[in-house]
Structures are given as C-alpha cells and as structure tokens.
Amino acid sequence: MKKILALLLALCLMLPVLVSCGGENANTPENGGAANSGKAPKYIFLFIGDGMSYSQIQATASYLGALNDENGKPQYLNFMNFEAVGSAVNYTTDSIIPDSAASGTSIATGKKTNTGYLSVAPDGTEVYETIAEKLHSQKGMKVGIVTSVNLNHATP
C-alpha cells in the first residue's frame, strides 16, 4: 500500500512535466529541434512545476529507481535530459515565501511583485506585459497554453 501511495504522490508531482516530455533525443535536428544547429528553435516550451524544485525532482527520480529495482540508482526523468534548462528565484518583493500569483508573474514577465499580485507592479501602478505577449506582439509568434489546472489559476 505504501508503494502505491508513494507512486501516486510522485505522479501527481510530476504528471504535468512527464506528460509533456519527449525522449532523450527529442530535440535533435532529425526531429525538428535546433540541437546545436545555430537555427532559431521552431517551438519554445515553458514547463512550470508549481511547488516543484530540485528536491522534489531528485526524490521522484530516486523513488522511481527504487521502484524499478535499479540498485538504488535514480531513474532519470525525460525532462532531465533537455538540451537547455533554467530555473528562477521566485521570491516576491514583500516575502521570501511566494504564492502562485507572484511566482507566475516573476516567471512570465521577468519582474517581481507582491504576494497576491498577478502581473502588476508592487505598487499597482503598472500592468506587466508577459514574455508570451511580447513574442506575439513584437515577433508575430503564436502562443498557446496547456495546463493541468483551471486556466484562471495563477500559474497558467
């Protein structure tokens, strides 16, 4: 029973990322990726694991390795093999413990705000334009959202 509960917990934490990930060679020129070709990428994906950091990723990889009886070796997750990755420090301007709205603002706009604020300046005087909005208006790129939560949730 413990294994089943642990697996369900790991899947709940990782499902949005696992569902969206390709295999090890997903981003190669043969598959339409830019892999060191010097070309602009055809698609850009931003995966947000809300409430997920390195410790949750490592715990999931370790658990899956143990579950698959790989002598305690972590089972690396597909997204751990992406060609390029990044992370963000998403504390807010008024707290070191962010909420989804302020964290989403930080990720989507590159600007910090207060806890409870979504895409506006800490003093409420400026509405922030998201990177996706800039790519659409300035470069004519198409933008889409795939989410595992309601669209009116803070993170999407």
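Calculation notes
- Residues numbered from 1 in each chain as written.
- Predicted model: local features only at pLDDT ≥ 70, side-chain atom pairs only at ≥ 80, totals over all residues.
- Heavy atoms only, no water.
- Helix = DSSP H or I, 4+ residues; strand = E, 2+ residues; numbered from the N terminus.
- Buried < 20%, exposed > 50% of the residue type's maximum accessible area, 1.4 Å probe, protein only.
- Contact = heavy atoms within 4.5 Å.
- Polar contact = N/O pair within 3.5 Å; in protein donor to acceptor, adjacent residues only side chain to side chain.
- Salt bridge = Lys/Arg side-chain N within 4 Å of Asp/Glu carboxyl O.
- Expected span 1.5 Å × (residues − 1).
- Patch = residues over 30% accessible without salt bridge, like charges linked within 9 Å, V, L, I, M, F, W, Y side chains within 5 Å.
- Areas by Shrake-Rupley, 256 points an atom, 1.4 Å probe, with all protein chains shown as cover.

Considering the overall build of the protein chain
Piece 1. For the protein chain, the helix and strand inventory stands at 4 helices and 0 strands.
Piece 2. Within the protein chain, the fraction of its 156 residues that count as buried is 20%.
Piece 3. Relative to all contacts within the protein chain whose residues are 6 or more apart in sequence, the contacts with residues 24 or more apart total 30%.

A look at the environment of Asn114
Piece 1. Position of Asn114 among the secondary structure elements: in the loop between helix H3 (100-109) and helix H4 (131-139).
Piece 2. A C-alpha to C-alpha distance of 5.2 Å links Asn114 and Thr93, two positions 21 residues apart in sequence.
Piece 3. If we ignore the near neighbours within four places in the chain, the residues touching Asn114 are Thr92, Thr93, Asp94, Ala102 and Pro122.
Piece 4. Within the structure, Asn114 has its side chain in polar contact with the backbone oxygen of Pro122 (distance 3.0 Å).

Observations regarding the environment of Ala59
Piece 1. Relative to the helices and strands, Ala59 resides in helix H2 (residues 54-67).
Piece 2. Between the C-alpha atoms of Ala59 and Pro74, which are 15 residues apart in sequence, the distance is 8.7 Å.

Things to note about the pattern of salt bridges
Piece 1. Taken as a whole and assessed by the stated rule, the structure comprises 1 salt bridge.
Piece 2. With its nearest N and O atoms 3.5 Å apart, the salt bridge here joins Lys111 to Glu126. You can see Lys111 sitting in the loop between H3 and H4 and its partner Glu126 sitting in the loop between H3 and H4, a full 15 residues away along the chain.
Piece 3. Accessibility expressed as a relative area gives 35% for Lys111, which makes it partly exposed.

Describing H2
Piece 1. Its 14 residues place the ends of H2 20 Å apart at the C-alpha level, agreeing with the 20 Å of an ideal helix rising 1.5 Å per residue.
Piece 2. Looking at H2, one finds that the buried residues are Ile57, Thr60, Ala61, Tyr63, Leu64 and Gly65.
Piece 3. One or two residues past the end of H2 sits Asp69, with phi positive at roughly 55°.

Describing a nonpolar patch on the surface
Piece 1. Residues Val89, Tyr91, Ile96 and Ile97 make up a contiguous nonpolar surface patch of about 490 Å² in total accessible area.
Piece 2. Assignment of secondary structure puts Tyr91 in the loop between H2 and H3.

Everything listed here is a matter of geometry and, on its own, says nothing about what the molecule does.
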